[in-house]
Amino acid sequence: MTFLKPGIEFSAKKLLRFAIILYGLKLNIDAVFHQGLPLLLRGIGTVAFSILVRYVLAKWLKADAPISLLLGIGTGVCGAAAIAAVSPILKSKEEDTAISIGIIALMGTLFSILYTVIHPLLPLSDSTYGALAGLTLHEIAHVALTAAPAGQDTLAMALLAKLCRVFLLVPLSFFFMFWMKKRAPRNQKHQTQIEFPWFLIGFIMTSLLGSYVLGDIIPARVSEIISNFNTFILTMAMVGLGLNVNLGALKNRALRPLIAMTITSTLLSVLTFFTL
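Residues numbered from 1 in each chain as written. Predicted model: local features only at pLDDT ≥ 70, side-chain atom pairs only at ≥ 80, totals over all residues. Heavy atoms only, no water.

Caption draft 1: Representation of the side chain of serine 207. Within the secondary structure, serine 207 is located in helix H11 (residues 198-212). The exposure class assigned to serine 207 is buried, which follows from its relative accessible area of 1%. Polar side-chain contacts of serine 207 include one of 2.7 Å to the backbone oxygen of phenylalanine 203. Ignoring sequence-local partners within four residues, the contact set of serine 207 consists of Gly24, Leu27 and Ile29. (Helix = DSSP H or I, 4+ residues; strand = E, 2+ residues; numbered from the N terminus. Buried < 20%, exposed > 50% of the residue type's maximum accessible area, 1.4 Å probe, protein only. Polar contact = N/O pair within 3.5 Å; in protein donor to acceptor, adjacent residues only side chain to side chain. Contact = heavy atoms within 4.5 Å.)

Caption draft 2: Up close: the packing of helix H6 (residues 94-118) against helix H14 (residues 255-275). Between H6 and H14, the shortest axis-to-axis distance is 11 Å and the interhelical angle comes to 35°. For H6 against H14, the interelement crossing comes out right-handed. Together, Ile103, Ile104, Met107, Phe111 and Tyr115 of H6 and Pro257, Leu258, Met261, Thr262, Ser265, Thr266 and Ser269 of H14 make up the contact between the two elements. Among the residues forming the contact of H6 with H14, the class breakdown is 8 nonpolar, 4 polar and no charged. (Axes fitted to C-alpha atoms, helices over the stretch in contact; angles between N-to-C directions. Left-handed = near helix turned anticlockwise from the far one by under 90°. Nonpolar A, V, L, I, M, F, W, Y, C, P; charged D, E, K, R; others polar.)

Caption draft 3: Summary view of the nonpolar core. By size, the foremost hydrophobic cluster in this structure holds 69 residues, and its most contacted members are Ile73, Val77, Cys78 and Phe203. Setting aside anything within four residues of it in sequence, one finds isoleucine 73 in contact with Ile51, Cys78, Ala82, Val86, Leu90, Leu172 and Phe176. (Core = buried A, V, L, I, M, F, W, Y, C linked by side-chain atoms within 4.5 Å.)

Caption draft 4: Geometry of helix H10 (residues 169-183). In this model H10 runs 21 Å from its N-terminal to its C-terminal C-alpha over 15 residues, within 8% of the 21 Å that 1.5 Å per residue would give. Residues Leu169, Val170, Leu172, Ser173, Phe176, Met177 and Met180 constitute the buried set of H10. One face of H10 carries all of its buried residues, which in axial projection span an arc of 165°. Projecting away from the buried face of H10 at angles above 90 degrees are the exposed residues Phe178 and Lys182. (Expected span 1.5 Å × (residues − 1). Arc of directions from axis to C-beta.)

Below is the structure:
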């Protein structure tokens, strides 16, 4: 396995950042500002709720703190992409990042299935159901798969709500840069080097490019190919991270964060349902 190490490292680090840059093409900034400001405010509430409740539950359950924080960020913003973006800022171990991404992928899939099953029983209009899915589910793919069966209007509202949360990835990342600097011991502040997340600048640039330049130029088929390529690159990066996971550590460290995430996601869904 030693000869595979360079490829694993390349996938887990370089490809991961490249995937985040391409992910920016999914964010339509123009739609967020012109149609989604109320949803953006709700998205801020989703992020704050997810991180704070996860923190309290992690303390109560004595769950692994680094994994719990990453899961709170992933739940609040945009799943695996958010975890991948903030993990270098938080100086997270690759094993912690991989465990967090695995948990959030599992829970996101389960909640997507649950939403699809209970949708006919919910007393919600199509647009309100779309907002519920977009404000609470973890990945863009989960949101799309859950909302699409309810119609195009539902899907549009769900994706808009989700894009508002994706938009928050950049300010949240810079907040954690400031937070990491502040929490460093006073006598070590001058030694604390937080690597600037240059890939986030790429994320912003591709977001602007996709929102204001390429949106009316690139055919839908080409956009779909780019999106599939981005998914492929992100999957390669996830595999690279996964190959760095110690299965013994996964068994010992994942259970309590998983319980905390289940409770947080359930509370988030219920609270959003009653406040829409």
